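Here's the letter readout for the chains.
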Amino acid sequence: MSTTNDDILRRFAGLDSSTLSDVLDVSGYTGQVLAADLRLLDRTTRIIGRAVTARGEVGVTSSGISPYEIESHIGPGEVAVIATGRFKVGAVNGGMITLQYMNRGAAGMVTDGAVRDANETIGYGFPVVCGTITPTNSAGRFSIVSIGEPVKLPGLDVDFVTVTPGDYILADGDGTVVVPQAIILPIIEATERSVVIERTITQEIKGGSTREAAFAGHPRFAHIPKLRTEEKA
């Protein structure tokens, strides 16, 4: 039986960033977590979806790409991922853009830059990961120069995490994880197994077991396949 994108997203939505990060580390895909200062505006929300990427540059006032272009590329279950090079003066998202993303069924937005209309966006229930909040417009200060190409966002334990169009994004209260689309199924399968193991361990500790004994009885990482053995470039 074939696996559809909807099936993948449904299963992906059952995971959390902490367990997913552990599985990626053990599988050989370290450095897939975005920098800690890139946080959800509302930490009670979550982002689950596939990346649609864009990159902007500071000081470019006209790149030939319409400022409305990225909105037209977003569809249901997709996440707008905008790399700004940590440009934090002008906002790359606000209330009106949020509404347009929602009209198109977007699953959320991730940027290392700034956003504005924060309370409005939170009120809409639209999940956004960003570097900071500003009241300032980006017009005349910053422009999108490419859409649909791999982009780099600041990483937690690496300088940059590369996000390729179609990669899977999971953001929750602990952080934001990027899973390359090429390995999404084995990572989901291993993480689902890890969730079951960790629930068992938690129940034993609640029942009075020590963490050491619970870990010994239920190895957490033995089932995780090694998907990459070479050092990440």
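Shown above is the structure to which this text applies.
Every chain begins its residue count from 1, and numbering advances along the sequence as written. Local features in a predicted model are, by the rule used here, given only for residues with pLDDT of at least 70; side-chain atom pairs are given and counted only at 80 or more, and totals for whole chains, interfaces and linings are based on all residues. Just so you know, side-chain values use all the structure's heavy atoms and leave hydrogens and water out.

Colleague: Tell me what's going on with the overall build of the protein, and back it up with residues and numbers.
Modeller: A run of DSSP states H or I qualifies as a helix once it reaches four residues; a run of E qualifies as a strand once it reaches two. Both are numbered from the N-terminal end. Scanning the protein from N- to C-terminus turns up seven helices and twelve strands. All radius of gyration figures rest on C-alpha atoms, and the globule criterion is 2.2 Å times the number of residues raised to 0.38. Whereas a compact globule of 233 residues would reach a radius of gyration of roughly 17 Å, the protein reaches 19 Å, a difference of no more than 12%. Each of the three principal axes of the protein carries a C-alpha extent, and together these read 60 × 35 × 35 Å. With a 1.4 Å probe rolled over the protein chains alone, any residue whose accessible area is under 20% of its type maximum counts as buried; one over 50% counts as exposed, and the rest are partly exposed. For the protein, with 233 residues in total, the buried portion stands at 47%. Pairs of residues are marked as contacts when any of their non-hydrogen atoms sit within 4.5 Å. When contacts within the protein are restricted to residue pairs at least 6 apart in sequence, long-range pairs at least 24 apart make up 75% of them. Residue exposure ignores everything except the shown protein chains as possible cover, and the areas themselves are Shrake-Rupley values with a 1.4 Å probe. Within the structure as shown, the protein displays about 11,100 Å² of accessible surface, and the carbon and sulfur contribution to it stands at 51%.

Colleague: Lay out the environment of Ile187 with the relevant residues and their values.
Modeller: Mapped onto the fold, Ile187 is located in helix H6 (residues 184-206). Given a relative accessible area of 1%, Ile187 falls into the buried group. A sequence separation of 175 residues divides Ile187 from Phe12, and the C-alpha atoms of the two residues are 9.5 Å apart. What Ile187 contacts, discounting residues up to four positions off in sequence, is Leu20, Val23, Leu24, Ser27, Val179 and Leu227.

Colleague: Talk me through unusual backbone geometry; I want residue IDs and the actual numbers.
Modeller: Although it is not a glycine, Arg86 adopts a positive phi angle of roughly 65°. Here Arg86 is to be found in the loop between strand E3 (78-83) and helix H4 (95-103). On the accessibility criterion, Arg86 (34% relative accessible area) is partly exposed. Phi at Asp117 takes a positive value of approximately 55°, unusual for a residue other than glycine. Assignment of secondary structure puts Asp117 in the loop between strand E5 (114-115) and helix H5 (118-124).

Colleague: So what's going on with the pattern of salt bridges? Which residues, and what values?
Modeller: One speaks of a salt bridge when a side-chain nitrogen belonging to Lys or Arg is within 4 Å of a carboxyl oxygen belonging to Asp or Glu. Overall, the coordinates contain seven salt bridges when judged by the stated rule. Note that Arg86 and Asp37 form a salt bridge whose closest N and O atoms lie 2.7 Å from each other. You can see Arg86 sitting in the loop between E3 and H4 and its partner Asp37 sitting in the loop between helix H2 (17-27) and strand E1 (39-40), a full 49 residues away along the chain. One salt bridge in this structure joins Arg55 and Glu57, with 2.9 Å as the shortest N-O distance. Of the residues examined, Arg55 reaches a relative accessible area of 31% and is grouped as partly exposed. Residues joined in a network through salt bridges with shared partners are Asp22, Glu198 and Arg220.

Everything listed is a geometric property; what it means functionally is a separate question.
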